[in-house]
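Residue-level listing of the chains:
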Amino acid sequence: EDQVTQSPEALRLQEGESSSLNCSYTVSGLRGLFWYRQDPGKGPEFLFTLYSAGEEKEKERLKATLTKKESFLHITAPKPEDSATYLCAVPQTGANNLFFGTGTRLTVIP
Amino acid sequence: DVKVTQSSRYLVKRTGEKVFLECVQDMDHENMFWYRQDPGLGLRLIYFSYDVKMKEKGDIPEGYSVSREKKERFSLILESASTNQTSMYLCASSLSGGPGNTIYFGEGSWLTVV
């Protein structure tokens, strides 16, 4: 059965304090791992797709990495505007939709 | 830029009412999806469509139906709204050709059933 687990559920950081968010997954044959950012009251905004172990992608202060069992979203020197919920998702086995984790709610304090 | 537009951002409906949530995408995507999002449960797939007039049930289709008469438009219908359908509803779309294609979301529709 497909499973996506994100940790921690919530994370509070001081501005400039780097950290990592974790996404563990169980799926039959990975066909991509997706990271989204979601601001309160809005729809998820696409950030990255990773397709194979060892792959890394960066965007501003965010860097996503992928292993065979998990993905990390590293946030370097975060700013208050990075505060959001970060979701990871994998394609559901045998389907074209995404199966989502419940997200990590990140708060960056000035 | 991909644009997925949900026509109603906030709705308040009474129990038993029929509710229509409309979604339009402007990128000629074949796949369209309806999810609902609830605290602690994440996003759950209600229905998706991979072509005009085609639909597939997702994980939680009970109490919902969908309509896709045109490629760019995908409607979610609550035949008789109930209070447990109070939620945020998200429409999304993607290209066909495999599950590795990015899914793009609309801004969401907040539905309250009283």
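Residues numbered from 1 in each chain as written. Chains lettered and ligands numbered in written order. Predicted model: local features only at pLDDT ≥ 70, side-chain atom pairs only at ≥ 80, totals over all residues. Heavy atoms only, no water.

Peer 1: What's the story with the environment of Phe99(A) in this structure? I'm lost.
Peer 2: Residues and elements named next belong to chain A. One can find Phe99 in strand E10 (residues 98-100). Spatially, the C-alpha atoms of Phe99 and Glu60 are 26 Å apart, while their sequence positions differ by 39 residues. For Phe99, the contacting residues outside a window of four places in its chain are Asp2, Gln3, Val4, Cys88, Ala89, Val90 and Gln92. (Helix = DSSP H or I, 4+ residues; strand = E, 2+ residues; numbered from the N terminus. Contact = heavy atoms within 4.5 Å.)

Peer 1: Where do I start with the pairing of strand E7 (residues 64-70) of chain B in this structure?
Peer 2: Residues in a regular strand point their side chains to alternate faces of the sheet. All names here are of chain B. Both E7 and strand E8 (residues 73-78) contribute to a ladder of five bridges, which runs antiparallel. Along E8, the bridge assignment pairs Ser67 with Ser75. In sequence, E7 turns back onto E8 through a hairpin of two residues. (Pairing = 2+ DSSP bridges.)

Peer 1: So what exactly am I meant to see when it comes to the sheet that holds strand E1 (residues 4-6) of chain B here?
Peer 2: Hydrogen bonds between backbone groups are what pair the strands of a sheet, and the pairing can be parallel or antiparallel. Residue and element names in this part refer to chain B. Spatially, E1-E3-E8-E7 is the arrangement adopted by the four strands of the open sheet, whose pairing is antiparallel. Of all the strands in the sheet, just E1 and E7 have a single pairing partner and so form its edges. For this sheet, the mean inter-axis angle between neighbouring strands, taken without regard to orientation, is 20 degrees. (Axes fitted to C-alpha atoms, helices over the stretch in contact; angles between N-to-C directions.)

Peer 1: So what exactly am I meant to see when it comes to the interface of chain A and chain B here?
Peer 2: When the parts of a complex come together, some accessible area is lost, and that lost area is often used as the size of the interface. On the side of chain B, 24 residues touch chain A, which itself brings 21 residues to the contact. For the pair chain A and chain B, the summed buried surface comes to about 1700 Å²; carbon and sulfur atoms form 57% of the total. Run the count over chain A and chain B and you get zero salt bridges. Summed over the shared surface of chain A and chain B, the result is five residue pairs in polar contact (both at pLDDT 80 or more). Going through the elements one at a time, strand E4 (33-38), strand E5 (45-50), strand E9 (84-91) and E10 of chain A are the ones with two or more residues in the side of chain A that touches chain B. (Buried area = accessible area lost by both parts, 1.4 Å probe. Salt bridge = Lys/Arg side-chain N within 4 Å of Asp/Glu carboxyl O. Polar contact = N/O pair within 3.5 Å; in protein donor to acceptor, adjacent residues only side chain to side chain.)

Peer 1: Looking at this structure, I do not really get the environment of Val113(B). What am I missing?
Peer 2: You can see Val113(B) is positioned in strand E11 (residues 109-113). Not counting residues within four places of it along the chain, the set of residues in contact with Val113(B) comprises Lys13(B), Arg14(B), Thr15(B), Ala81(B), Ser82(B), Thr83(B), Gln85(B) and Thr86(B).

Peer 1: Would you mind going over the pattern of salt bridges with me for this structure?
Peer 2: Two side chains with opposite charge may pair up if their charged atoms get near one another. In this structure the tally under the stated criterion is 10 salt bridges over all chains. For Glu55(A), the salt bridge identified is with Lys57(A), shortest N-O distance 3.8 Å. On the basis of relative accessibility, which here comes to 31%, the residue Lys57(A) falls in the partly exposed class. Residue Lys53(B) is joined to Glu69(B) by a salt bridge in which the shortest nitrogen-to-oxygen separation is 2.5 Å. (Buried < 20%, exposed > 50% of the residue type's maximum accessible area, 1.4 Å probe, protein only.)

Peer 1: I keep staring at the nonpolar core and nothing clicks. Help me out?
Peer 2: Within soluble globular proteins, side chains that are nonpolar generally end up buried alongside one another. All names here are of chain A. Formed by 23 residues in total, the largest nonpolar core has its most connected members in Leu33, Trp35, Leu73 and Tyr86. Of all the secondary structure elements, the ones that give two or more residues to this core are strand E2 (10-14), strand E3 (19-26), E4, E5, strand E7 (62-66), strand E8 (70-75), E9 and strand E11 (104-109). Looking at this core, the element that brings in the most residues is E9, giving four residues. In contact with Tyr86, other than residues within four places in its own chain, are Gln6, Leu21, Trp35, Tyr36, Arg37, Leu47, Leu62, Leu73, Gly103, Thr104 and Leu106. (Core = buried A, V, L, I, M, F, W, Y, C linked by side-chain atoms within 4.5 Å.)

Peer 1: How should I be thinking about the side chain of Gln37(B) in this particular structure?
Peer 2: Of note, Gln37(B) is situated in strand E4 (residues 31-38). For Gln37(B), the contacting residues outside a window of four places in its chain are Gln38(A), Leu87(A), Gly42(B), Leu43(B), Ser87(B), Met88(B) and Leu90(B).

Peer 1: How should I be thinking about the state of the cysteines in this particular structure?
Peer 2: What the rule picks out here adds up to two disulfides over all chains. Put simply, Cys23(A) and Cys88(A) are joined by a disulfide, and their sulfur atoms are 1.9 Å apart. Note on the Cys23(A) and Cys88(A) pair: the S-S dihedral is about 75 degrees, so by sign convention the disulfide is right-handed. Of this pair, Cys23(A) sits in strand E3 while Cys88(A) sits in strand E9, and the two are 65 residues apart along the sequence. Each member of the pair, Cys23(A) as well as Cys88(A), is classed as buried. Here Cys23(B) pairs with Cys91(B) through a disulfide, and the sulfurs are 1.9 Å apart. Handedness of the Cys23(B)-Cys91(B) disulfide follows from its S-S torsion of about -75 degrees: it is left-handed. Here Cys23(B), found in strand E3 (residues 19-25), pairs with Cys91(B), found in strand E9 (residues 87-94); they are 68 residues apart in sequence, far enough to count as distant. Taken as a pair, Cys23(B) and Cys91(B) share a single burial class, namely buried. (Disulfide = S-S within 2.5 Å.)

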